[in-house]
Structures are given as structure tokens and as C-alpha cells.
Amino acid sequence: MNITVLGTGKMGFSMARRLCEAGHTVHVWNRSRAKAEGLAAFGASVHDTATGAVQGAEFVITMLEHGPVVEQVLFETGVAGTMKPGTVLIDMSSIKPAEARAHAERLGGMGITHLDAPVSGGTLGAEAGTLAIMAGGKLSSFERAKPVFAPLGRATLVGPSGSGQLAKLANQMIVGITIGAVAEALLLCQKGGADPAKVKEAISGGFADSRILQVHGQRMVERDFAPRALMTVQLKDMRNAMETASSLGFTAPITALLEQLYAEGVAHGLNELDQSGLFVELAQRNGMK
């Protein structure tokens, strides 16, 4: 298939590489061309402009920073107008559900099919092709896109346009809240004199076990907060969840509390840390290192 990937940052680069290795014809573009050039070694065609990259594409994947950037790339640079009718636009960025629905409606009027298909699994999942892909849109479009999704991970259609972004918000709510729970619990044990590493080992396999405990908990034990997913990105997702909840008349007090904690961590200079760096914010509140 002829596939274009717009946005080749940490996630988009690995996803484009896997599409190349699966035998697809891949065209790539990134605002900073240097971040895309490494894909040429895997057979991708690197373009200077987004419009040049999408010419003739059957599928266009966007993996961009947030909703306004997606809108700018699609509608202000001429990308949507360049895509031929019948093209499937797969937005794998994490944006607001309302933005996804608006993009789907606008593209539909141009004869372009839209799927919102954000992912979970981070850079490790992108590299390994084990991403959880949450798709919103028409069943017929989802079926067409299955060969595109296959090298990237496991895709599930969860509902109409915007539903993929709702599922991603649910994912990020659970991730953000659970990181807070793991951090607070390990710090409590440390404060009381227990070894956090041994506590993590002791509760592994029980009802409290989770991927967050294993991955982010280990980072907390090792004090390894090198960024994989930034605190600022987690904060953006929590804020999107709160805005969406408000628009639906839904009260989300647990998410609201964690959104505040991430915001305070960022305000205290932790913005360049991994999302598990919330541990540092909670440690500082308790006078701990």
C-alpha cells in the first residue's frame, strides 16, 4: 500500500519504520526534516513538504503534537486539498474527541475518510509493533485500514468518530491516576522504613500488580525519570479529559486531583521528566528525596 506518515517524532519514526519493513511504500514528512531523514535507510521517501508527501497516498497517518497542530497541517498547509477523494486519513495523534469529530466532518465533505486512532504503548510499543490502537469511525474504513494497523499493533474499533480519542482519554486517566497511586504507596513505605524495591517485589502478582507498577514503579525505585512520555504530555491528556468530562456534564474528581498534582509538578520544574516523575513531586511534598 502507498502510505504517508506526517510527523516522525519518537513514535512516528518507529511506526513509519515498521510500515517500511512490512513492505509498504512509505512517504514521510516532519517539520524538522532531520527527524525524518533516518527513515530513508529503511526505504521511505522523505519529503520537504507535507503536501508533497501525501500526493497519491491511499492512507495518510498523522502523528502530531496536539489538535491545533493536526488542524494546521491538514487544513492550512493544503494537505487535505491535496489528498485524492477516497483517501483514508488516520489520525493517530492524541487530541480532543470534539476536535476529531470536527476533522472527520470537514474531511468527509471533501470525500476523504477519517479515522481517529490514538495509541498506547509508548516508544517501546511503537518499536516492537505492540501498540494498543483505539479507533473511532466507520466500520468500512476500519476494515480498509487493517493492513496498515497490522505492523503497528492491535487495533480495536470502539465506536463512531471521536470514540478513539475517548478511549485514549480513558487510557490516560487510568495511567495518570495509577502512577500517582504507585508513587504515593512506595513513598509511604519508604517513609516508614521499608525498602520500596522489596515492597514492589512483594506485591507483584497480587491484585495491586499492573504494568504501571512494573514499568513506572521500577523507574521510581531506580530514580530513573529520563523522559519517555513527558510530564507535560500527561498533564495535557488529563486536562483534555477534564475538558471532555465538563462538556458531557460528567464529574471526574479523581482525575481532577491528579491533573492538579501533575500541574504543580510541572510548575515546580519537573516538566522535562518522564510522567513517572510525579514521584518527585510527591516526595518533595513530604521532605523526601
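Up top you'll find the structure we're talking about.
What you see is a predicted model, and the numbers here were worked out from it, not measured in a lab.

Novice: Outline the layout of surface pockets, listing residues and values.
Specialist: Estimates place the volume of the largest pocket at around 1500 Å³. Taken together, 45 residues line the largest pocket, and the ones lying closest to its centre are M11, G122, R228, A229 and V233. Those elements that provide at least two residues to the lining of the largest pocket are helix 1 (10-21), strand 7 (119-120), helix 7 (122-128), helix 9 (163-192), helix 11 (211-222) and helix 12 (231-247). Classifying every residue of the lining of the largest pocket by side-chain character gives 14 nonpolar, 21 polar and ten charged.

Novice: Let's hear about the pattern of salt bridges: which residues, and what values?
Specialist: Taken as a whole and assessed by the stated rule, the structure comprises 14 salt bridges. Salt-bridge contacts for E143 lead to K146; the nearest nitrogen and oxygen are separated by 3.3 Å. Of this pair, E143 and K146 are both found in helix 8 (residues 139-149), three residues apart, which corresponds to roughly one turn of the helix. Across the salt bridge formed by D274 and R219, the nearest N and O atoms sit 3.1 Å from each other. Here D274 is found in the loop between helix 13 (253-270) and helix 14 (278-285), whereas its partner R219 is found in helix 11, with 55 residues between them in sequence. Accessibility expressed as a relative area gives 11% for R219, which makes it buried.

Novice: Break down the pairing of strand 2 (residues 25-29) for me, citing the residues and quoting the values.
Specialist: Of all five residues in strand 2, four are buried; the element is thus mostly enclosed. Sheet topology note: the strand 1 (residues 2-6)/strand 2 ladder contains five bridges and is parallel. Across the sheet, the residue bridging to N2 is T25, located in strand 2. Handedness of the crossover is the feature at issue here: the chain leaves strand 1, passes through helix 1, returns alongside strand 2, and the resulting connection is right-handed. Pairing analysis gives two bridges linking strand 2 to strand 3 (residues 45-46), with the strands arranged parallel. For H27, the partnering residue across the bridge sits in strand 3 and is S45.

Novice: Give a description of the pairing of strand 6 (residues 113-116) that names residues and reports values.
Specialist: Regular strands show a simple pattern: their side chains alternate between the two faces of the sheet. Sheet topology note: the strand 5 (residues 88-91)/strand 6 ladder contains four bridges and is parallel. Paired with L89 across the two strands is H114, which belongs to strand 6. In this region the chain leaves strand 5, passes through helix 6 (residues 97-108) and returns to the parallel neighbour strand 6; the handedness of that crossover is right-handed.

Novice: Describe helix 4 (residues 67-76), listing the residues and the values that go with them.
Specialist: All of the buried residues along helix 4 are G67, V69, V70, V73, L74 and F75. Immediately beyond the C-terminal end of helix 4, within one or two residues, lies G78, with a positive phi of roughly 95 degrees.

Novice: Please provide a residue-by-residue account of unusual backbone geometry, values included.
Specialist: The phi dihedral of R223 is positive, around 55 degrees, even though this residue is not glycine. Take R223: it is sitting in the loop between helix 11 and helix 12.

Novice: Explain the packing of aromatic side chains to me, and be specific about the residues and the numbers.
Specialist: Counted according to the given criterion, the structure contains two aromatic pairs. With 5.9 Å between their ring centres and 35 degrees between their planes, F142 and F149 make a pair best called tilted. Residue classification places F142 among the buried residues on the basis of a relative accessible area of 6%. Overall, F149 belongs to the buried group, its relative accessible area being 2%. A cation over an aromatic ring shows up here: R106 above the ring of F75, its NZ or CZ 3.9 Å from the ring centre.

Novice: Run through the nonpolar core, naming residues and quoting values.
Specialist: I90, M92 and F149 are the most contacted members of the largest nonpolar core, which has 30 residues in total. Those elements that provide at least two residues to this core are strand 1, helix 1, strand 2, strand 4 (59-62), strand 5, strand 8 (131-136) and helix 8. At five residues, helix 1 tops the list of elements feeding residues into this core. Sequence-distant contacts of M92, that is, excluding residues within four places in its chain, are made with M15, I61, T62, M63, A117, P118, V119, I133, F149 and L152. The next biggest cluster of nonpolar side chains, apart from the first, holds 25 residues, and it includes M220, M238, L258 and Y262.

What counts and what doesn't
Residues numbered from 1 in each chain as written. Predicted model: local features only at pLDDT ≥ 70, side-chain atom pairs only at ≥ 80, totals over all residues. Heavy atoms only, no water. 1 Å grid on protein atoms, 1.4 Å probe; cavity = no way out; pocket = protein on both sides within 12 Å on 5 of 7 lines; lining within 4 Å. Points joined across faces, edges and corners; volume = space filled by probe spheres on them. Helix = DSSP H or I, 4+ residues; strand = E, 2+ residues; numbered from the N terminus. Nonpolar A, V, L, I, M, F, W, Y, C, P; charged D, E, K, R; others polar. Salt bridge = Lys/Arg side-chain N within 4 Å of Asp/Glu carboxyl O. Buried < 20%, exposed > 50% of the residue type's maximum accessible area, 1.4 Å probe, protein only. Pairing = 2+ DSSP bridges. Right-handed = clockwise from strand over helix to strand, strands pointing away. Phe/Tyr/Trp six-rings, centres within 6.5 Å; stacked < 30°, edge-to-face > 60°. Lys NZ or Arg CZ within 6 Å of the ring centre and 35° of its normal. Core = buried A, V, L, I, M, F, W, Y, C linked by side-chain atoms within 4.5 Å. Contact = heavy atoms within 4.5 Å.

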